[in-house]
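Per-entry structural report
Each chain, letter by letter, is given below.
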Amino acid sequence: MIENFKNFSAHISDDDPIKVLLVGETYCDGSFFIERKCSDLMALEYIIDGAGELQINGQELKPEAGDVFFLELGSKHKYFTSNDYAWHKYWIVFDGKMATTMAELYLPKNTYLFKNCNVKKHFERIFQLAEDDISYERMVHAVTLELLQIFMYIKACDKISNEGIAHLIRKKLDEAVEKHFNLDELCREINYSKNYIINIFKAEYSITPYQYYMDRKIDAAKMYLMHTNISVGDISKILHYSDQQYFSSCFKRTVGYSPLAFRRLARK
């Protein structure tokens with residue numbers, strides 16, 4: 001592993017609004033592995049090249065070239081690179097009240113990986129500032145502006161992507177009406193936490209993904225009851241209910257009639 005970094009911990013004061021502790025560039029090898037039970041630092045890392053894994057607060061994420069990941073203060077995390085395609089990355093470790101406020105205002109809660117971020121120039125600038133022969137105070141002022149640009153970029157992309165993610169989730173739910181569906185599997189597929197997925201879907205459609213999914217199942221059941229002679233038991237199997245009794249209970253709770261009563265009324 002080749003690592004070039006600057007340590008500024010000797011220059012910081014407790015009352016600094018932003019404290020820049022470390023700035024570096026790392027060419028990892030297959031042995032790269034870091035684990036913290038309760039992180040005493042906050043960091044942003046930009047993957048220039050390579051692939052790897054970040055496990056943080058119960059999430060398993062896959063940072064790769066062009067991605068940024070955020071290590072939250074107090075988080076439980078470990079991260080490591082691929083043996084065959086090791087990371088090359090820029091990173092900055094920082095702290096302070098202003099830094100904490102920026103992260104809270106600009107980064108979505110419980111989200112640690114940001115895909116395809118066009119912020120390499122800001123990390124290059126931060127690394128160059130750390131290398132320049134200037135005072136710590138001047139360096140921090142300039143780095144703060146670069147950090148703000150990174151945070152603002154992530155927030156802007158997140159606002160745009162949330163709508164897209166909500167539509168993607170809806171499409172997945174629509175496609176799964178007659179299939180097995182697991183929200184945890186979808187979370188792993190699109191690299192977002194379950195809480196985040198639920199929140200952005202509800203913000204877009206005013207309903208949770210689970211309730212939307214169950215409503216779509218009932219809509220499908222209505223179509224079968226109105227337009228086919230398929231038995232109630234077979235409809236419950238097609239729609240992957242655990243059993244006919246549970247299906248009938250769900251249907252009556254939503255529609256107000258049992259499946260058979262609905263079929264009779266619909267065909268009058």
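The structure we're discussing is the one just above.
Attention here is on the structure that accompanies the text. These figures come from a predicted structure and were not determined experimentally. (Residues numbered from 1 in each chain as written. Predicted model: local features only at pLDDT ≥ 70, side-chain atom pairs only at ≥ 80, totals over all residues. Heavy atoms only, no water.)

Val20, Leu44, Ile92, Phe123 and Leu147 are the most contacted members of the largest nonpolar core, which totals 50 residues. The element that contributes the greatest number of residues to this core is helix 3 (residues 136–175), accounting for 9 residues. If we skip the residues at most four places from it in the chain, Leu44 touches Val68, Phe69, Phe70, Tyr90, Trp91, Ile92, Phe94, Phe123, Leu147, Ile150 and Phe151. Core analysis: the second largest hydrophobic core is formed by 32 residues, Leu186, Cys187, Ile207 and Phe262 among them. (Core = buried A, V, L, I, M, F, W, Y, C linked by side-chain atoms within 4.5 Å. Buried < 20%, exposed > 50% of the residue type's maximum accessible area, 1.4 Å probe, protein only. Helix = DSSP H or I, 4+ residues; strand = E, 2+ residues; numbered from the N terminus. Contact = heavy atoms within 4.5 Å.)

Viewed as axis vectors pointing N to C, helix 6 (residues 209–227) and helix 8 (residues 244–255) meet at an angle of 100°, and their least axial separation amounts to 11 Å. Relative to helix 8, the element helix 6 is oriented roughly perpendicular. Between helix 6 and helix 8, the contacting residues are Tyr210, Ile218, Ala221, Lys222 and Leu225 on the first element and Tyr246, Phe247, Cys250, Phe251, Thr254 and Val255 on the second. Its residues assigned to classes, the contact of helix 6 with helix 8 comprises 9 nonpolar, 1 polar and 1 charged. (Axes fitted to C-alpha atoms, helices over the stretch in contact; angles between N-to-C directions. Parallel < 35°, antiparallel > 145°, perpendicular 65-115°, else oblique. Nonpolar A, V, L, I, M, F, W, Y, C, P; charged D, E, K, R; others polar.)

This brings us to helix 1 (residues 97–106). What helix 1 keeps buried is the set Ala99, Met102 and Ala103. Down the axis of helix 1, the buried side of the element spans an arc of 95°, and every buried residue falls inside it. The exposed set on the far side of helix 1, more than 90 degrees from its buried face, consists of Lys97, Glu104 and Leu105. (Arc of directions from axis to C-beta.)

Right, let's get into the sheet that holds strand 9 (residues 88–95). Pairing is antiparallel across the open sheet formed by 6 strands, whose spatial order is 1-2-9-4-7-10. The sheet is open, and its two edges are formed by strand 1 (2–7) and strand 10 (113–114), each paired on a single side. Two elements, strand 2 (residues 19–27) and strand 9, share 8 bridges in a ladder whose sense is antiparallel. Looking across to strand 9, one finds that Tyr27 is bridged to His88. (Pairing = 2+ DSSP bridges.)

This next bit is on helix 5 (residues 194–205). Taking 1.5 Å per residue, 12 residues should reach 16 Å; helix 5 reaches 16 Å between its end C-alpha atoms and fits that length. One or two steps after helix 5, the chain reaches Ser206, where phi turns positive at roughly 60°. (Expected span 1.5 Å × (residues − 1).)

What follows covers the side chain of Lys19. As for its position among the elements, Lys19 is in strand 2. Buried charge Lys19 goes without a salt bridge, the closest partner of opposite sign being Asp14 at 4.5 Å. A polar contact of 3.3 Å, which involves the side chain of Lys19, links it to the backbone oxygen of Asp14. Excluding its chain neighbours within four sequence positions, the residues that come into contact with Lys19 are Ile12, Ser13, Asp14, Val93, Phe94, Asp95, Gly96 and Tyr136. (Lys, Arg positive; Asp, Glu negative; His and termini not counted. Salt bridge = Lys/Arg side-chain N within 4 Å of Asp/Glu carboxyl O. Polar contact = N/O pair within 3.5 Å; in protein donor to acceptor, adjacent residues only side chain to side chain.)

Evaluation of the coordinates by the stated rule reveals 18 aromatic pairs. On the basis of an interplanar angle of 65° and a centroid distance of 5.7 Å, the ring pair of Phe201 and Tyr212 is categorised as edge-to-face. Residue Phe201 is found in helix 5, and its partner Tyr212 is found in helix 6; the two are separated by 11 residues along the sequence. Residue Tyr212 is classed as buried on the basis of its relative accessible area of 12%. Ring geometry for Tyr241 against Phe247: centres 5.0 Å apart, planes inclined by 55°, an arrangement best described as tilted. For the pair Tyr241 and Phe247, a shared accessibility class is recorded, and that class is buried. (Phe/Tyr/Trp six-rings, centres within 6.5 Å; stacked < 30°, edge-to-face > 60°.)

Topologically, Ala176 is positioned in the loop between helix 3 and helix 4 (183–190). Exposure remark for Ala176: the relative accessible area of 5% places this residue in the buried category. Separated by 63 residues in sequence, Ala176 and Leu239 place their C-alpha atoms 9.1 Å apart. When sequence neighbours within four positions are dropped, the list of residues in contact with Ala176 reads Phe181 and Tyr213.

Once that is clear, we can look at the pattern of salt bridges. The final tally for this structure, using the stated rule, is 8 salt bridges. A salt bridge links Glu35 to Lys37; its shortest N-O distance comes to 3.3 Å. Measuring nitrogen to oxygen at the nearest pair gives 2.7 Å for the salt bridge that ties Lys115 to Asp67. Of this pair, Lys115 sits in the loop between strand 10 and helix 2 (120–131) while Asp67 sits in the loop between strand 6 (59–61) and strand 7 (68–71), placing them 48 residues apart in sequence. Of the residues examined, Lys115 reaches a relative accessible area of 30% and is grouped as partly exposed. A cluster of three or more residues bridged by salt bridges with shared partners is formed by Glu64, Asp67 and Lys115.

What follows concerns the sheet that holds strand 8 (residues 77–81). A sheet is described by the order of its strands in space; here 4 strands give the open sequence 3-8-5-6, paired in antiparallel fashion. The open sheet terminates on both sides in strands that have one partner only, identified here as strand 3 (33–36) and strand 6. Averaged over all neighbouring strand pairs, the angle between strand axes comes to 10°, with direction disregarded. Judged from the 4 bridges that link them, strand 3 and strand 8 form a sheet pairing that is antiparallel. What sits directly across from Glu35, in strand 8, is Lys78.

All quantities given are derived from atomic positions and should not be read as evidence of function.
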